[in-house]
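Coordinate inspection notes
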Amino acid sequence: MGNPYAIALRRLFNEQAVLLNREPIARYENRRGFRCQTGYLLETAFLELAISLAPDLSVEIGAHEASFSRRIKSALPCIRALANRGQSQCA
């Protein structure tokens, strides 16, 4: 079994390369849907790394719906997972 960090990052790189080389994505200048797909891949890779490290605390800054915090909490029930939307209050 290899280094879990290298394995996760290698898989992320390979998945992104496959997405970039798909004809519909490469053809469109704005790459519709690409941000969502790569964001999910990045979140999944980071989640795998976090699980392998088994931290005590996870802080999600700028959380829109706290999906990462929910995912890491379900994978690591003992973790303290905090999510903050990051919206400032203006007067």
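Computed from a predicted structure; not experimentally measured.

Looking at unusual backbone geometry
A positive phi angle is found at Ala 54, which is not glycine, with a value near 50 degrees. Among the structural elements, Ala 54 can be located in the loop between helix H3 (34–53) and strand S1 (57–61). Residue Ala 54 is classed as partly exposed on the basis of its relative accessible area of 46%. In the Ramachandran plot, Ala 66 falls in the positive-phi region, its phi being about 60 degrees despite a non-glycine side chain. By the element assignment, Ala 66 lies in the loop between S1 and helix H4 (67–75).

Some points on the environment of Ile 61
In this structure, Ile 61 sits in strand S1. Residues Ile 61 and Arg 85, 24 residues apart in the sequence, show an inter-C-alpha distance of 6.4 Å.

Cut-offs applied
- Residues numbered from 1 in each chain as written.
- Predicted model: local features only at pLDDT ≥ 70, side-chain atom pairs only at ≥ 80, totals over all residues.
- Heavy atoms only, no water.
- Helix = DSSP H or I, 4+ residues; strand = E, 2+ residues; numbered from the N terminus.
- Buried < 20%, exposed > 50% of the residue type's maximum accessible area, 1.4 Å probe, protein only.

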